[in-house]
Number of protein chains: 2
Amino acid sequence: MTYELYYWPSIQGRGEYVRLALEEAGADYDDVARSGRGMSEMTRMMEDSETPPFAPPFLKSGKLVIGQTANILLYLGSRHGLAPKADAGRLWVHQLQLTITDLVLEIHDTHHPLGPSLYYEDQRAPAKRRTDEFWSERVPKYLGYFERLLVDRDGNFVTGRRLTYVDLSLFQIVAGLRYAFPKRMDRFERDIPGLIGLHDRIAQRPRIEAYLASDRRIAFNEDGIFRHYKALDI
Amino acid sequence: MTYELYYWPSIQGRGEYVRLALEEAGADYDDVARSGRGMSEMTRMMEDSETPPFAPPFLKSGKLVIGQTANILLYLGSRHGLAPKADAGRLWVHQLQLTITDLVLEIHDTHHPLGPSLYYEDQRAPAKRRTDEFWSERVPKYLGYFERLLVDRDGNFVTGRRLTYVDLSLFQIVAGLRYAFPKRMDRFERDIPGLIGLHDRIAQRPRIEAYLASDRRIAFNEDGIFRHYKALDI
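Residues numbered from 1 in each chain as written. Chains lettered and ligands numbered in written order. Predicted model: local features only at pLDDT ≥ 70, side-chain atom pairs only at ≥ 80, totals over all residues.

**Some points on the packing of helix H6 (residues 165–180) of chain A against helix H8 (residues 193–203) of chain A**
Helix packing geometry: the angle between the two helix axes and the distance between the axes.
Residue and element names in this part refer to chain A.
Then, number 1: Contact geometry of H6 with H8 gives a least axis separation of 9 Å together with a crossing angle of 110°. What the angle tells us is that H6 and H8 run roughly perpendicular. Contacts between H6 and H8 pair Asp 167, Leu 168, Leu 170, Phe 171, Val 174 and Ala 175 from the former with Leu 195, Ile 196, Leu 198, His 199, Ile 202 and Ala 203 from the latter.
Then, number 2: Of the residues belonging to the contact of H6 with H8, the class tally is 10 nonpolar, 1 polar and 1 charged. (Axes fitted to C-alpha atoms, helices over the stretch in contact; angles between N-to-C directions. Helix = DSSP H or I, 4+ residues; strand = E, 2+ residues; numbered from the N terminus. Parallel < 35°, antiparallel > 145°, perpendicular 65-115°, else oblique. Contact = placed C-beta atoms within 7 Å. Nonpolar A, V, L, I, M, F, W, Y, C, P; charged D, E, K, R; others polar.)

**A word on the relation of the copies chain B and chain A**
Then, number 1: For the pair chain B and chain A, the best superposition has an RMSD of 0.0 Å and corresponds to a rotation of 180° with a translation of 0.0 Å parallel to the axis. The transformation relating the two chain copies, once decomposed into turn and shift, fits a two-fold axis. Closest to the rotation axis within chain B is the C-alpha of Pro 113 of chain B, separated from it by 2.6 Å.
Then, number 2: The fraction of interface residues of chain B whose copies in chain A are also interface residues reaches 100%, indicating that both copies meet through the same surface. (Least-squares fit on C-alpha atoms with pLDDT ≥ 70 in both.)

**Describing the packing of helix H1 (residues 15–25) of chain B against helix H6 (residues 165–180) of chain B**
Residue and element names in this part refer to chain B.
Then, number 1: Where H1 meets H6, the axes come as close as 9 Å, and the angle between the chain directions of the two elements is 125°. Between H1 and H6, the angle falls in the class oblique. The interaxial crossing formed by H1 with H6 has right-handed handedness. From H1, Glu 16, Tyr 17, Leu 20, Ala 21 and Glu 24 reach across to H6, where they touch Tyr 165, Leu 168, Ser 169 and Gln 172.
Then, number 2: Counted by class, the contact of H1 with H6 contains 5 nonpolar, 2 polar and 2 charged residues. (Left-handed = near helix turned anticlockwise from the far one by under 90°.)

**Points about the sheet that holds strand E4 (residues 64–67) of chain A**
All names here are of chain A.
Then, number 1: The sheet built from 4 strands is open, its strands ordered E2-E1-E3-E4 with mixed pairing. Strand pairing shows two members of the sheet lacking a second neighbour, strand E2 (29–31) and E4, which therefore form its edges. On average, adjacent strands in this sheet sit at an angle of 20° to one another, irrespective of strand direction.
Then, number 2: Sheet topology note: the strand E1 (residues 3–6)/strand E3 (residues 58–61) ladder contains 3 bridges and is antiparallel. By the bridge assignment for E3, Leu 5 is matched with Leu 59. (Pairing = 2+ DSSP bridges.)

**Details of the interface of chain B and chain A**
A common way to state how big an interface is: give the accessible area lost once the parts meet.
Then, number 1: On the chain A side, the residues contacting the 31 residues of chain B number 31 residues.
Then, number 2: Sorting the residues of the side of chain B that touches chain A by element identifies strand E4 (64–67), helix H3 (69–79), helix H4 (87–111) and helix H5 (124–153) of chain B as the ones contributing at least two each.
Then, number 3: When residues in the side of chain B that touches chain A are grouped by element, the largest group, 9 residues, is from H4 of chain B.
Then, number 4: When grouped by side-chain class, the residues that make up the side of chain B that touches chain A number 16 nonpolar, 9 polar and 6 charged.

**Side note on the pairing of E1 of chain A**
Residue and element names in this part refer to chain A.
Then, number 1: Every second residue of E1 is oriented toward a common face, with Tyr 3 and Leu 5 on one face and Glu 4 and Tyr 6 on the other, all of them buried.
Then, number 2: In this sheet, E2 lies alongside E1 in parallel orientation, the contact comprising 3 bridges. By the bridge assignment for E2, Glu 4 is matched with Asp 30.
Then, number 3: In this fold, the crossover linking E1 to E2 by way of helix H1 (residues 15–25) has right-handed handedness. (Buried ≥ 20, exposed ≤ 12 C-beta atoms within 10 Å, placed from the backbone. Right-handed = clockwise from strand over helix to strand, strands pointing away.)

Here you go:
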C-alpha cells in the first residue's frame, strides 16, 4: 500500500516531521501536492472527506484520513517500529512529540506574534521582542528538557536505545534553528551537546542521508516555520 | 484506583479539559495540588518521574505518569468510554482534540503575543492587535470548522450520536470565550447555533451540572487561559 501525504508543496513546515518518519521507515508514499495531482486534490480532500482535517498535513492510509502531525506520527510509529508497542512507551513518546508541537508553534510565533494571517513585514517590531523572549526563556527551557532526557538515559536516543519518531523531529528542530538563527544557535549549541550529537547521528542514518540529498527534501525558505530574517538573528 | 491529577491549583487552564473528562466519567480522582499535599508534590513529580512531564497538567494512573492534555484525554477516552474503541474513531477524536489544543494556544496568545514569560501589562498594544486578528480570522475558522462537523453529522455530538471528550472540551471553549470576550462572543454566537446547543446540553448533563455547581470548579480568572480584559473585548 502507498501512503498519500497531503501538505503544502513548497515548504518543509509541519509536513516535514511526517516526511522524515516515512523516509526513515522506508515507506512507500506519494507527496500528493508535489506530484501531478497537485493542490486541487488536497483541497478536494479537505472538503469531501468524512473526517475532514482542519489543516494540512494529513495522511491517507487506505480508507483512513488522519490529520494533525503528532496524530499521524502516533499512527505511523505503531506501524513502522518508530515507537514502543506497549501503551506506556507509546504514550510517553507521543507526549514528547506533543511537547515538540508546542515548541514548533512558538517558533512560528517568533515571526508571527500578531497572528498567522498577517505578514511578517507588518509585525517586525513585535517579532523582534518575541524572538528575544523566545531565545532567553523558551529555547533554554524546551531544549534543556530534551537535553536532560538524553543525558539521563545515557542512550543514543531520547527514550533510550531505540530510535523513535521523536528523535527524527528533534533532528529537524536543530536543523531548522540553525537555518533560521545561525548566530543565536551557534552561541547556544555548547549548552546542548547531547542534542547536537543526536542531530548528527540522525543525519548519518542511510535512509535519512539519502533523503536529505534528494530533491524530495525541500530547502528551508521564508514561507515555512523556520525563517531566516537577519533582524531576528543577532 | 484513584487517579492523581497534577495541575496549578488556582486556575482552570489546560487542566480543566482533564477535569471535565474525569467528572463526566465519574472517575475517582485527587486534584493533588489543591489538596493537602499541594504544589511541592507536583514539583517533586516533575523532577523525579522516570517520564518527567515538560509542564502540568499530568495524570498519575497507577505507575503511569502521563503528560500533555490531549495525551491524557487519549488515555482516559479509551478507559471510560469517552472515545470510540476502534482505531479509526480513536484517531479522529484525538485529531479533533489536537485542533482544540491549537485553538487554546491561540487564545492564550491573544493576551500574550510577545511570549508567555512577560506580563500582559507589558504587551497591551500587541495584545489588542492579536485579539482583533483572532476574532476576525481565527475564531470563524476554528469554530466554523466544528460547527460544520456538528451540522453535517446531524447528531447531538461532534462525532455523531455518542459523547466524546471533544464535546466536553468544546463546552469549555464556549464557556471560556463567553467569560473572556462577552461582547465579541455575543455578536458571534448567531453564527454557531450548533456549538451553543452543544454547550447547553453538556452543561445539563447530571455529572457536569453537579461539577459546575461544586467548589471543585475553579472560577475563571485573569491567571488562566481565558482572561477578561476590557480593552480586548470591544
